[in-house]
Amino acid sequence: MAARSIAEAAPPTPWSRNLAEPTIHPSAFLHSFSNIIGDVRIGANVIIAPGTSVRADEGTPFYIGENTNLQDGVVVHGLEKGRVIGDDRQEYSVWIGKNNCITHMALIHGPCYIGDDCFIGFRSTVFNARVGAGCIVMMHALIQDVEIPPGKYVPSGAIITNQQQADRLPDVQADDREFAHHVVGINQALRAGYLCAADSKCIRTIRDELNNSYTSIEVDVFERSDEVSSNSLGAETVEQVRYLLQQGYHIGTEHVDQRRFRTGSWTSCKPIEARSLGEAIAALEACLRDHSGEYVRLFGIDPKGKRRVLENIIQRPDGVVQASSSFKAPAYSSNNGSYNGNGSNYSNGSSRLSSETIDQIRQLLAGGYKIGTEHVDERRFRTGSWQSCKPIESSSPGDVVAALEDCMDNHQGEYVRLIGIDPKAKRRVLESIIQRPNGPVSTTSNKSTATTTSYAASGTTATATSSKLSSEAIEQLQQLLAGGFKISAEHVDGRRFRTGSWASCGQIQANSIREAIAALEGYMNEYQGEYVRLIGIDPKVKRRVLELIVQRP
């Protein structure tokens, strides 16, 4: 049912004293932290998220069509003068059609018309304008005093304030349209979930189902892993399943196609209610067969803490992941009740590469990124004239490590760096030096001695010293400053590291390498016991050129 407690009548004003109240369809969900004021007509299956303000107290009335979602922080308001004609041929200050996504922090200010099936991106503004049906407006855009024809694409950061600009906009592509429809579907699921959460009977039913599924599974036999065979799962995966069952954890599987893999929109496979290791393996293999050509991952659940203790991708679109290393059970920390480990173990197997580099490789491959290597001699290092090593086609961590070591062997006495590439956006997501002229870069997590690095820049010599940062981190800072890039840092605790939920420490305003080091060390001291990473940003194209972890718990 609609949360009517936060809907209010319009206040009496010099231009209106009708005290109109919102009209809300019973199937809509309005969060209690949103505000709906005045003559606002809300259709079926609408979801209005926390922090949203819809005020028809000056311009009025407003219309919000069925299946539309207004996400966190959206503001809808209108001027007292100026009206648009809605699809019902009536006058409105703001008309928002059906199946629309008005995303976080967007501003819709009347007089304004937004047709059906539109997507308005984060922090974008639409004022005194008409947006035709099926348009996609990306982030931080401004649309004012124009009419956007139906089916047009407005890129991020665009400022559209005259009709010639609007008429020259490109058409929406099929992928963009599918993404907008996907977001509508996600929010419809959220609407149903929030309504259920407010209904004690609905929640009680779900809890009863969960309790029954937890208590009805009693594993009678824990076969040895070498006694259970699988035609499609590696020995490590079988051992992981056996360990989870033996520890009393529940097992689940999820799948996702390549398009949704980027957004992390995983879907659960059939629940696994196994009484033996053999039954669990059979259920896993069934999920693999049912979703051939997709990503499939195994996860373990602690039924007491209601949290995941393991996540491991066991199939990719090009086939089943055949793990080659032996499985190691997660190390339990009694201090915080959490498990150390990333849910997917890969034995280093390399005396040349640091554990941090191995972890970077694993994260890149798990994220579907491509990996490359580049080399440069000391003379050309200052000019950034890097050359590519042999392309790496494999998605196996072992093959990637071997290719990296081969590049290092072929270019001894030179710099070698690891490259992470987003194949969809065709941009780099990581650049990390793994070899210097004096040898491979060693792991930095246990260093306690000071690192001193000297640089020649602008005809002067600067010496930077740090007891916390590695020579690689200092050199990366120097390169970023010399290249005119912006510098910032992010931090995350061990629990959120698994989901990649980094939080910004803030931008580093530094005119010298010493100031940059001091600021970065300050963040490391402030967030002791957490991961901290250095970020480099190209201010022209507004994209990241570097992500380097400089502190681990």
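- As annotated in an unreviewed UniProt entry, the protein carries the name Carboxysome assembly protein CcmM and is attributed to Fischerella thermalis CCMEE 5330.
- Recorded under Subcellular location (unreviewed entry), the UniProt text for the protein is reproduced unchanged: "Carboxysome".

### Examining the overall build of the protein
Here comes step 1: Looking only at helices and strands, one finds twelve helices and 40 strands in the protein.
Here comes step 2: By residue count, 48% of the 553 residues in the protein fall in the buried class.
Here comes step 3: Once local pairs closer than 6 in sequence are excluded, the contacts in the protein between residues at least 24 apart make up 45%.
Here comes step 4: Counting every atom, the protein has about 27400 Å² of accessible surface; 47% of that belongs to carbon and sulfur.

### Here we look at the packing of helix 10 (residues 471–482) against helix 12 (residues 513–526)
Here comes step 1: For the pair helix 10 and helix 12, the least separation of the axes is 10 Å and the interaxial angle reads 125°. In terms of axis orientation, helix 10 runs oblique to helix 12. The way helix 10 lies across helix 12 gives a crossing that is right-handed. For the pair formed by helix 10 and helix 12, the contact residues are Ile474, Leu477, Gln478 and Leu481 on the first element and Ile513, Ala516, Ile517 and Leu520 on the second.
Here comes step 2: Split into classes, the residues belonging to the contact of helix 10 with helix 12 amount to seven nonpolar, one polar and no charged.

### Quick look at the UniProt feature "active site" (unreviewed entry) in the protein
Here comes step 1: Under the local residue numbering, the UniProt record ascribes the feature "active site" (unreviewed entry) to Glu58.
Here comes step 2: Within the secondary structure, glutamate 58 sits in the loop between strand 7 (53–56) and strand 8 (62–64).
Here comes step 3: Apart from residues lying up to four places away in sequence, glutamate 58 is in contact with Trp15, His77, Gly78, Leu79 and Glu80.
Here comes step 4: At 3.2 Å, the side chain of glutamate 58 and the backbone nitrogen of glutamate 80 are in polar contact.

### Some remarks on helix 6 (residues 277–290)
Here comes step 1: Under the 1.5 Å per step criterion, the end-to-end length of helix 6 is 20 Å for 14 residues, consistent within 8% with the ideal 20 Å.
Here comes step 2: Taken residue by residue, helix 6 has Leu277, Ala280, Ile281, Leu284, Glu285, Cys287 and Leu288 as its buried positions. The buried residues of helix 6 occupy an angular sector of 155° when projected down its axis, which confines them to one face. Exposed side chains of helix 6 directed beyond 90 degrees from the buried face belong to Arg289 and Asp290.

### Considerations on unusual backbone geometry
Here comes step 1: With an omega of 0°, the peptide bond between threonine 60 and proline 61 qualifies as cis.
Here comes step 2: Take proline 61: it is sitting in the loop between strand 7 and strand 8.
Here comes step 3: Positive phi is not limited to glycine here, since methionine 105 has a value of about 70°.
Here comes step 4: Secondary-structure assignment places methionine 105 in the loop between strand 14 (101–102) and strand 15 (107–114).

### Examining the environment of leucine 418
Here comes step 1: Relative to the helices and strands, leucine 418 is located in strand 32 (residues 415–422).
Here comes step 2: For the pair leucine 418 and isoleucine 434, spaced 16 residues apart in sequence, the C-alpha to C-alpha distance is 6.6 Å.
Here comes step 3: Sequence-distant contacts of leucine 418, defined by excluding residues within four places in its chain, comprise Thr357, Gln360, Ile361, Ile371, Gly372, Leu404, Leu430, Glu431, Ser432 and Ile434.

### So, the sheet that holds strand 30 (residues 370–376)
Here comes step 1: Spatially, 31-30-32-33-34 is the arrangement adopted by the five strands of the open sheet, whose pairing is antiparallel. At either end of the open sheet lies a strand with only one pairing partner, and these are strand 31 (387–388) and strand 34 (439–440).
Here comes step 2: Where helix 7 (residues 355–366) meets the sheet, its contacts fall on strand 30, strand 32 and strand 33 (427–436), and the angle it forms with strand 33 comes to roughly 160°.

### Comments concerning the nonpolar core
As a rule of thumb, nonpolar side chains are buried together in soluble globular proteins.
Here comes step 1: Counting 39 residues, the largest nonpolar core has Ile42, Val76, Ile102, Ile108, Ile143 and Ile148 as the members making the most contacts within it.
Here comes step 2: Filtering out sequence-adjacent residues up to four positions away, valine 76 remains in contact with Ser53, Val54, Arg55, Phe62, Leu70, Val94, Ile96 and Ile108.
Here comes step 3: With 23 residues, the next largest nonpolar core counts Leu469, Leu480, Ala516 and Leu520 among its residues.

### Description of the packing of helix 7 against helix 9 (residues 397–410)
Packed helix pairs are characterised by how far apart their axes lie and by the angle those axes make with each other.
Here comes step 1: Across the interface, helix 7 lies against helix 9 with an axial gap of 10 Å and an inter-helix angle of 130°. In terms of axis orientation, helix 7 runs oblique to helix 9. The two elements helix 7 and helix 9 cross, and the hand of that crossing is right-handed. Listed contacts from helix 9 to Ile358, Ile361 and Leu365 of helix 7 are Pro397, Val400, Val401 and Leu404.

### Here we look at the packing of aromatic side chains
Here comes step 1: Applying the stated criterion across every chain yields a total of five aromatic pairs.
Here comes step 2: Considering the side-chain rings of tyrosine 63 and tryptophan 95, the 3.9 Å spacing of their centres and the 10° angle between planes classify their relative orientation as stacked. With tyrosine 63 in strand 8 and tryptophan 95 in strand 13 (residues 94–96), the pair connects residues that are 32 residues apart, well separated along the chain.
Here comes step 3: Exposure remark for tryptophan 95: the relative accessible area of 5% places this residue in the buried category.
Here comes step 4: Put simply, the rings of Tyr63, Tyr92 and Trp95 pair up and form one aromatic cluster.
Here comes step 5: Positioned above the aromatic ring of tyrosine 113, the side-chain terminus of arginine 130 is 3.9 Å from the ring centre.

### Section: a nonpolar patch on the surface
Here comes step 1: Residues Ile186, Leu190 and Tyr194 make up a contiguous nonpolar surface patch of roughly 260 Å² in combined accessible area.
Here comes step 2: Tyrosine 194 sits in the partly exposed class, given a relative accessible area of 39%.

### Description of helix 2 (residues 174–197)
Here comes step 1: Relative to the 34 Å expected for 24 residues at 1.5 Å per residue, helix 2 spans 35 Å between its end C-alpha atoms, a close match to the ideal helical length.
Here comes step 2: Buried residues of helix 2: Ala180, His182, Val183, Val184, Asn187, Gln188, Arg191, Leu195 and Cys196, and no others.

### Digging into the state of the cysteines
Here comes step 1: Using the criterion set out here, one finds two disulfides in the structure.
Here comes step 2: At a sulfur-sulfur separation of 2.1 Å, the disulfide partner of cysteine 269 is cysteine 287. Residue cysteine 269 is located in the loop between strand 24 (267–268) and helix 6, and its partner cysteine 287 is located in helix 6; the two are separated by 18 residues in the primary sequence. Neither cysteine 269 nor cysteine 287 differs from the other in exposure class; each is buried.
Here comes step 3: Between the sulfur atoms of cysteine 389 and its disulfide mate cysteine 407 the distance is 2.0 Å. Of the two residues, cysteine 389 sits in the loop between strand 31 and helix 9 while cysteine 407 sits in helix 9, which places them 18 residues apart along the sequence. Assigned by exposure class, cysteine 389 and cysteine 407 land together as buried.
Here comes step 4: Left without a disulfide partner, cysteine 135 is nearest to the cysteine sulfur of cysteine 118, which lies 5.0 Å away.

Parameters at a glance
Residues numbered from 1 in each chain as written. Predicted model: local features only at pLDDT ≥ 70, side-chain atom pairs only at ≥ 80, totals over all residues. Heavy atoms only, no water. UniProt positions renumbered as here; feature names shortened; annotations may be inferred. Helix = DSSP H or I, 4+ residues; strand = E, 2+ residues; numbered from the N terminus. Buried < 20%, exposed > 50% of the residue type's maximum accessible area, 1.4 Å probe, protein only. Contact = heavy atoms within 4.5 Å. Areas by Shrake-Rupley, 256 points an atom, 1.4 Å probe, with all protein chains shown as cover. Axes fitted to C-alpha atoms, helices over the stretch in contact; angles between N-to-C directions. Parallel < 35°, antiparallel > 145°, perpendicular 65-115°, else oblique. Left-handed = near helix turned anticlockwise from the far one by under 90°. Nonpolar A, V, L, I, M, F, W, Y, C, P; charged D, E, K, R; others polar. Polar contact = N/O pair within 3.5 Å; in protein donor to acceptor, adjacent residues only side chain to side chain. Expected span 1.5 Å × (residues − 1). Arc of directions from axis to C-beta. Pairing = 2+ DSSP bridges. Core = buried A, V, L, I, M, F, W, Y, C linked by side-chain atoms within 4.5 Å. Phe/Tyr/Trp six-rings, centres within 6.5 Å; stacked < 30°, edge-to-face > 60°. Lys NZ or Arg CZ within 6 Å of the ring centre and 35° of its normal. Patch = residues over 30% accessible without salt bridge, like charges linked within 9 Å, V, L, I, M, F, W, Y side chains within 5 Å. Salt bridge = Lys/Arg side-chain N within 4 Å of Asp/Glu carboxyl O. Disulfide = S-S within 2.5 Å.

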